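Residues per chain are reported as follows:
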2 protein chains.
Amino acid sequence: MRQILVIGAGKSTSVLINYLKNRSEEENLKLTIGDIDLKQAKKISGDHPNCTAVQLDVFNKEDRRAAIKAADIVISMLPARFHIEAARDCIKFKKNLVTASYVSKEMKALDAEVKQNGLIFMNEIGVDPGLDHMSAMKVIDRIRDQGGKLLLFESFTGGLVAPESDTNLWNYKFTWNPRNVVVAGQGGVAEFIQEGKYKYIPYHRLFRRTEFLYVEGYGRFEGYANRNSLDYRSIYGLEDILTLYRGTIRRVGFSRAWNMFVQLGMTDDTYKLQNSETMSYRDFVNSFLPYSPTDSVELKLRHNLKIDQDDIMWDKLVELDLFNDHKKLGIKDATPAQALQRILEEKWTLAEEDKDMIVMYHKFGYEINGERKQIDSTMVHIGKDQTQTAMAKTVGLPLAIATLAILNKKITTPGVQIPITREVYEPILQELEVYGITFKEKETEYLGYNPFGEVGN
Amino acid sequence: MRQILVIGAGKSTSVLINYLKNRSEEENLKLTIGDIDLKQAKKISGDHPNCTAVQLDVFNKEDRRAAIKAADIVISMLPARFHIEAARDCIKFKKNLVTASYVSKEMKALDAEVKQNGLIFMNEIGVDPGLDHMSAMKVIDRIRDQGGKLLLFESFTGGLVAPESDTNLWNYKFTWNPRNVVVAGQGGVAEFIQEGKYKYIPYHRLFRRTEFLYVEGYGRFEGYANRNSLDYRSIYGLEDILTLYRGTIRRVGFSRAWNMFVQLGMTDDTYKLQNSETMSYRDFVNSFLPYSPTDSVELKLRHNLKIDQDDIMWDKLVELDLFNDHKKLGIKDATPAQALQRILEEKWTLAEEDKDMIVMYHKFGYEINGERKQIDSTMVHIGKDQTQTAMAKTVGLPLAIATLAILNKKITTPGVQIPITREVYEPILQELEVYGITFKEKETEYLGYNPFGEVGN
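## Some thoughts on the overall build of chain A
Phase 1 of the analysis: The helix and strand tally for chain A stands at 16 helices and 16 strands.
Phase 2 of the analysis: Expressed along its principal axes, the backbone C-alpha trace of chain A runs to roughly 75 × 60 × 40 Å.
Phase 3 of the analysis: By residue count, 59% of the 457 residues in chain A fall in the buried class.
Phase 4 of the analysis: The average position of the 60 basic charges and that of the 63 acidic charges among the side chains of chain A differ by 3 Å.

## Some thoughts on the sheet that holds strand β15 (residues 415–417) of chain B
Residue and element names in this part refer to chain B.
Phase 1 of the analysis: Read across the open sheet, the 7 strands follow the order β3-β2-β1-β4-β5-β6-β15; overall the sheet is parallel. Both outer strands of the open sheet, β3 (51–55) and β15, are each paired with one neighbouring strand and no more. When strand polarity is set aside, the average angle formed by the axes of neighbouring strands in this sheet is 15°.
Phase 2 of the analysis: Across 4 bridges, the pairing between strand β1 (residues 2–7) and strand β4 (residues 73–76) is parallel. Across the sheet, I7 pairs through a bridge with S76, a residue of β4.
Phase 3 of the analysis: Against the sheet, helix α4 (residues 83–92) engages β1, β4, β5 (96–99) and β6 (120–122), with an angle of about 160° to β5.

## What to know about the sheet that holds strand β15 (residues 415–417) of chain A
All names here are of chain A.
Phase 1 of the analysis: Read across the sheet, 7 strands follow the order β3-β2-β1-β4-β5-β6-β15 without closing on themselves; strand pairing throughout is parallel. If you trace the sheet from one side to the other, it starts and ends with β3 (51–55) and β15, each paired once. Taking each pair of neighbouring strands and ignoring which way they run, the sheet shows an average axis angle of 15°.
Phase 2 of the analysis: Here 6 bridges tie strand β1 (residues 2–7) to strand β2 (residues 29–35), and the two strands are oriented parallel to one another. For I4, the partnering residue across the bridge sits in β2 and is L31.
Phase 3 of the analysis: Contacts from helix α1 (residues 14–27) reach β1, β2, β3 and β4 (73–76) within the one sheet, and its direction differs from that of β2 by about 150°.

## Notes on the relation of the copies chain B and chain A
Phase 1 of the analysis: Between the two copies, chain B and chain A, the superposition gives an RMSD of 0.0 Å; the rotation angle is 180° and the shift along the axis is 0.0 Å. The transformation just described matches what one would write down for a two-fold rotation axis. Residues of chain B ranked by C-alpha distance from the rotation axis are headed by H204 of chain B, positioned 3.4 Å from it.
Phase 2 of the analysis: A high fraction, 100%, of the interface residues of chain B reappear at the interface in chain A, so the copies pair face to face through one surface.

## Digging into the side chain of S155 of chain B
Residue and element names in this part refer to chain B.
Phase 1 of the analysis: Assignment of secondary structure puts S155 in strand β7 (residues 149–161).
Phase 2 of the analysis: A relative accessible area of 2% places S155 in the buried class.
Phase 3 of the analysis: In this structure, S155 is in contact with Y245, R246, G247, Y361 and H362, ignoring residues within four places of it in sequence.

## Re the pattern of salt bridges
Phase 1 of the analysis: By the definition in use, this model includes 42 salt bridges over all chains.
Phase 2 of the analysis: Between R422 of chain A and D145 of chain A there is a salt bridge, and its shortest N-O distance comes to 2.8 Å. Note that R422 of chain A is positioned in helix α16 (residues 422–434) and D145 of chain A in helix α7 (residues 131–145), a separation of 277 residues in sequence.
Phase 3 of the analysis: Here D128 of chain B ties to R246 of chain B by a salt bridge, and the two come within 3.3 Å at their closest N and O atoms. Placement of D128 of chain B in the loop between β6 and α7 (131–145) and of R246 of chain B in strand β12 (residues 243–251) is noted, with a sequence separation of 118 residues between them.
Phase 4 of the analysis: We classify R246 of chain B as buried; its relative accessible area is 3%.
Phase 5 of the analysis: Shared partners join several salt bridges into a network, and the residues in it are R64, R65, E85, R88 and D89 of chain A.

## Regarding the interface of chain B and chain A
Phase 1 of the analysis: Facing the 45 residues of chain B at the interface are 45 residues of chain A.
Phase 2 of the analysis: At the boundary of chain B with chain A, total buried surface from both sides reaches about 3700 Å², with 50% on carbon and sulfur atoms.
Phase 3 of the analysis: Viewed at the interface, chain A and chain B are joined by 0 salt bridges.
Phase 4 of the analysis: At the surface where chain B touches chain A, the tally comes to 20 residue pairs in polar contact (both at pLDDT 80 or more).
Phase 5 of the analysis: Among the elements of the structure, β8 (190–194), β9 (197–201), α10 (254–264) and α12 (297–305) of chain B are those that each provide at least two residues to the side of chain B that touches chain A.

## A word on the domain arrangement of chain A
Residue and element names in this part refer to chain A.
Phase 1 of the analysis: By the assigned domains, chain A splits into domain 1 (2–122) and domain 2 (131–257 + 352–445).
Phase 2 of the analysis: Once you take the C-alpha centre of each, domain 1 and domain 2 turn out to be 26 Å apart.
Phase 3 of the analysis: Contacts between the two partners involve 33 residues from domain 1 and, on the opposite side, 31 residues from domain 2.
Phase 4 of the analysis: Contact between domain 1 and domain 2 buries roughly 2600 Å² in total, counting both sides, with carbon and sulfur atoms accounting for 73%.

## A short note on the packing of helix α10 (residues 254–264) of chain A against helix α12 (residues 297–305) of chain A
Residues and elements named next belong to chain A.
Phase 1 of the analysis: Closest axis-to-axis distance for the α10/α12 pair is 11 Å, and the angle between their directions is 100°. In terms of orientation, α10 lies roughly perpendicular with respect to α12. Contacts between α10 and α12 involve M260, Q263 and L264 from the former and L301, N304 and L305 from the latter.
Phase 2 of the analysis: Here the residues of the contact of α10 with α12 are counted per class, giving 4 nonpolar, 2 polar and no charged.

## Section: the state of the cysteines
Residue and element names in this part refer to chain A.
Phase 1 of the analysis: Scanning all chains against the criterion turns up 0 disulfides over all chains.
Phase 2 of the analysis: Of all cysteine sulfurs in the structure, the one in C90 sits closest to C51, which takes part in no disulfide; the separation is 18 Å.
Phase 3 of the analysis: On the basis of relative accessibility, which here comes to 8%, the residue C51 falls in the buried class.

## Concerning unusual backbone geometry
Phase 1 of the analysis: A cis amide bond, omega 15°, links D128 of chain A with the succeeding residue P129 of chain A.
Phase 2 of the analysis: Positive phi is not limited to glycine here, since D321 of chain B has a value of about 60°.
Phase 3 of the analysis: Position of D321 of chain B relative to the elements: it lies in the loop between α13 (312–319) and α14 (336–348).

## Digging into the packing of α10 of chain B against α13 of chain B
Residues and elements named next belong to chain B.
Phase 1 of the analysis: Between α10 and α13, the shortest axis-to-axis distance is 10 Å and the interhelical angle comes to 65°. For the pair α10 and α13, the crossing hand works out as right-handed. Note on element contacts: α13 touches α10 through M313, K316 and L317, opposite F254, R256, A257, M260 and F261.
Phase 2 of the analysis: When grouped by side-chain class, the residues that make up the contact of α10 with α13 number 6 nonpolar, no polar and 2 charged.

## A short note on the packing of aromatic side chains
Residues and elements named next belong to chain B.
Phase 1 of the analysis: As enumerated under the stated definition, the model contains 48 aromatic pairs over all chains in all.
Phase 2 of the analysis: For the ring pair F153 and Y236, a centre distance of 5.6 Å and an interplane angle of 55° mean the geometry is tilted. Highlighted residues: F153 in strand β7 and Y236 in helix α9 (residues 231–236), separated in sequence by 83 residues.
Phase 3 of the analysis: Classification of F153 by relative accessible area gives buried; the value is 0%.

## Describing the pairing of strand β11 (residues 219–225) of chain A
Residues and elements named next belong to chain A.
Phase 1 of the analysis: Burial within β11 is extensive, with 5 of its 7 residues counted as buried.
Phase 2 of the analysis: Where strand β10 (residues 211–215) folds back on β11, the antiparallel hairpin that results is connected by 3 residues, among which G217 adopts a positive phi of roughly 90°.
Phase 3 of the analysis: Pairing of β11 with strand β12 (residues 243–251) involves 5 bridges; the strand directions are antiparallel. From the neighbouring strand, G223 faces β12, where its bridge partner is I249.

## Focus on the environment of L301 of chain A
All names here are of chain A.
Phase 1 of the analysis: Mapped onto the elements of the fold, L301 is located in helix α12.
Phase 2 of the analysis: Overall, L301 belongs to the buried group, its relative accessible area being 0%.
Phase 3 of the analysis: In this structure the C-alpha to C-alpha distance between L301 and V285, which are 16 residues apart in sequence, comes to 8.2 Å.
Phase 4 of the analysis: Contact partners of L301, with chain neighbours within four places excluded, come to L264, V285, L289, I307, W314, L317 and F323.

## Let's talk about the confidence of the model for chain A
Phase 1 of the analysis: Taken residue by residue, chain A gives an average pLDDT of 95. The fraction at 70 or more is 98%.
Phase 2 of the analysis: Across the assembled chains, the prediction reports ipTM 0.88 with pTM 0.91.

Definitions and cut-offs
Residues numbered from 1 in each chain as written. Chains lettered and ligands numbered in written order. Predicted model: local features only at pLDDT ≥ 70, side-chain atom pairs only at ≥ 80, totals over all residues. Heavy atoms only, no water. Helix = DSSP H or I, 4+ residues; strand = E, 2+ residues; numbered from the N terminus. Buried < 20%, exposed > 50% of the residue type's maximum accessible area, 1.4 Å probe, protein only. Lys, Arg positive; Asp, Glu negative; His and termini not counted. Charge placed at Lys NZ, Arg CZ, Asp CG, Glu CD. Pairing = 2+ DSSP bridges. Axes fitted to C-alpha atoms, helices over the stretch in contact; angles between N-to-C directions. Contact = heavy atoms within 4.5 Å. Least-squares fit on C-alpha atoms with pLDDT ≥ 70 in both. Salt bridge = Lys/Arg side-chain N within 4 Å of Asp/Glu carboxyl O. Buried area = accessible area lost by both parts, 1.4 Å probe. Polar contact = N/O pair within 3.5 Å; in protein donor to acceptor, adjacent residues only side chain to side chain. Domains from an automatic or database assignment. Parallel < 35°, antiparallel > 145°, perpendicular 65-115°, else oblique. Nonpolar A, V, L, I, M, F, W, Y, C, P; charged D, E, K, R; others polar. Disulfide = S-S within 2.5 Å. Left-handed = near helix turned anticlockwise from the far one by under 90°. Phe/Tyr/Trp six-rings, centres within 6.5 Å; stacked < 30°, edge-to-face > 60°. pLDDT = per-residue confidence, 0-100.

Right under this line is the structure:
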C-alpha cells in the first residue's frame, strides 16, 4: 500500500479525498487525513476502509514528523504560511510534497536540497494558481512549437455564482473565503505592461479600470487587474512580451458597484473602528460621510458618491440593508473590512441549493510567418452541489491527479516546481477533461491594443 | 558662562541661533553648534565670540557624550528619530533637553527617570507642534477658568507662500520639506469626531473633504484633516469634547487640484517605477493612464479625471509642464512620490526674493452659564527673507525662549513634556508678541455643526 498523508481537512478537500478514495483499491492507496480538529478529519475521511483520520497539530514537531515519516507522499492543504515546516520534514524523510499554494520564498529556497534528494515538491496546482498555469502553458508551448512569437498574454479567473443561482443585483455570492474578496487588490499597486508600456493602477482606481470579456453561452464578464502580472514574465518565459495582464473575473457591473465601498473607505483593513460592536449598519455607513445636522445618511451617501436615486448602484446598496439602524455589527474592534464582510455575508452566502461557477479566460496574441493571430481560450465549470463545488473540483482534481502521477512516476523531474512543464500539465489536463473541465479555443485576427499602428499611447 | 549645545545646524536653525547669540552677553551664554558637517556648523555659527562650531556625529557615542557632558542644556535639532541617544545621555549627565519634535514612545518612556533626576525634557516646542499647543491651551485654560465647558476644538496650521510672492496657479510653493508635502496624509486614515460622531476619511478622499477658513486681511483658506485629531483629547484634557478636528491649511483650490495627483496614484511612495531614470514627465503621467493607440496623454488624463480643457484644474497641470516629453525624471528607482516631487520642485521652489507665511486658525466652541459661544483665534506671520522665514521664526523663537526660560529657572517643573502648562506657554507667548507673532481673537455665536438640533446626522 502507498501511504498518502493529507494535512488539513478543510471543506474544500472533499473532492480531492473522494478522488483518492475511489482510486485506492486499484492504485493500492492508503490515505491518512490529519487535522488539528479530529472531528473534521473524521467527517472528511468517513468510514472508507482505506482512509484513516488522525488528530494532527502541524506545530507539534514530534507528531508531524511521525506522520510524515510514515507517508510516501504528503499533500499539504494548510494555509500557505504553514507549509514550510512540513516541507523541511519532507526533505528530512525524503518524501514528495504537493500543495495548491503560491511558492513562498522559503519554499523556493529549498529547491537545491529538494533536487539533491531527487524529490518533487509540486506547488500551485489548484485552480488559480494551477489550472491557469497548465492551460496557458499548453497553448504557449504549442504556439512556440509552431514557430510563433508571443506578443500578448492576458489571463483572467473568477470564482462566481452559477447563472441558475444568480439571484441578487450584484450577480455575486461568496463561493470562497469572503475575507479575500473584501480585501482583494489591497497591499500594493497593480502593475502590468501594455504594448511595451508599464502601467500602474492604484487600489482606489482598480475597480474603475475593467476590461470586458465575452464567453459564449455565458454572456459578458469583466476583469480587474491583479497586482502581480509582471511576475509571469519570468514564470512563463515571456520576458519580451509586449502585453501581459492578469485579472480577476466578475459579472459586469460588480466592480463599478464595489468601487463605492472602496471610495467610502469601507474595505480598509488597517485600523479599528471605534465602538464597532454596538455600531449599527447605518452608523457604519455614516462614519465615512461628513457630519450634517439635517441631511439623512442616504442623501449624504448619494451626494458623496454622485449617484441618483434611480441608479442601479443605489439599488445594490439598498439590497444589502446597508442603512438599517437596528442591525448591529456585533464585532469588537472590527476593521472597516471586517464590518463590511459581516454585512455582505448576510446577503451573499450561498443557499443550500446554490451552485458556484469558475470562469477562466486566456488571450494569446502572437506573430507567426509575418502574420498576427490571436487565440482565446475559455473554461467555464459549474459546481454540482455545495460539496462538489466548481471551486473544490478545480482545486482538488489537479491536486489529486498530480499526487497519483508522482506516485506512479509519470512526473519524475525533481525540484520545487509549479505545473508549467509538459510532463506535468499534459496528463493532468487530459484527465481533467474526463471530469468536464475543458477549454474552448477560438482563433481570431490579432488586434491587440494597437490595431492601427502607434499614434498616441 | 552657561553652555548651550545645539545638535544639528540645518538652515532652519538660524533664527534660533541668532536669538541666543544676541542674548549671549547679557545672559552669559556660550553656544556650541555641533553638526556632522563642520562647514555647515561654521556657517551658522559665524564668527560670533560666544559661538563655536564643532564637527559632531550623533552616532559617535564618545563625541556625543563629551559634548553633552560639557553643556548645561542641549537643543536637539536633529530629525525626531535621532533624539533618543542624546536624550539618554542627557539623563546620564543630568542635562535638560529641548526639541521641536513630537514625543516618541521612546522619549515618553524616559519620563520617570527624567523626573527622578529633576530634569526638563521639553518637546514639541516649534510651530506645529509648539505654537499651536501654546496658543490653544491659553484660550482653553481661560474658558475653563471662567467656568466654561469646551464643546468644540478645531485647529489648523499651514506653511504657505506669502501673498506678495504668491505667483502660481496653485497658490503654493515649498516653504519646508517638500517630501512631507508630497506624502502628506498617507499612512493611515484621518480619524476625528464631529458632534459626538466618529468620522473616518480614507487617504484617496482626504483632499475632497475640506473646510473653508476666512482670515481677515488674508482672505479664504481651506483645511484638510490631519490623521491624529483624536490624540488631542488626552493631550489637552478634552476627553468629553463633541467635536475635535485638526487640519492643514492651504489656499482655496489647492486640495481639489492636489487630489488629481492622488487619484492618478502619483503620490504613492510604496513602490518603484520601472526605468524611472530615463522616464520623461510625459511618460510618468502616461504610466497612470490606460493604454491607447490613438488618444493623446492629455486627452486620456482629462477623460480619466473628468475635467474640461477650460477647467482651471487643467491649467494647473499645464503650468507644471507635466506633459513635457523631453524633461526626464533622472532619478534611479524613484517612487511615484519622488518623481512627482522632482517635477514640483522645478516650479514650487521659493525664488531668492520670495517670502513665506505661517497661518494658524483655532476655533473654540463652549458653553458658559447656559449660553453657547465661540472664539476664533488666528495668527498670520510673514517671513522677512529667505533666512528669517516665518517658518524659521515660528519654530526657532519658541525653542530659544524656552531654552533660556529653563536655564533661568522660569520653567521648573521636571519631566518629559510639551508646552501645555501656563508656566511654559505664558512667558513664551508673551515674548513672541515682541517679535510680531500675535493671535487675533474674535468672539461669535456658537453654531457648531448642529445649530438646529439633531435631525439627521
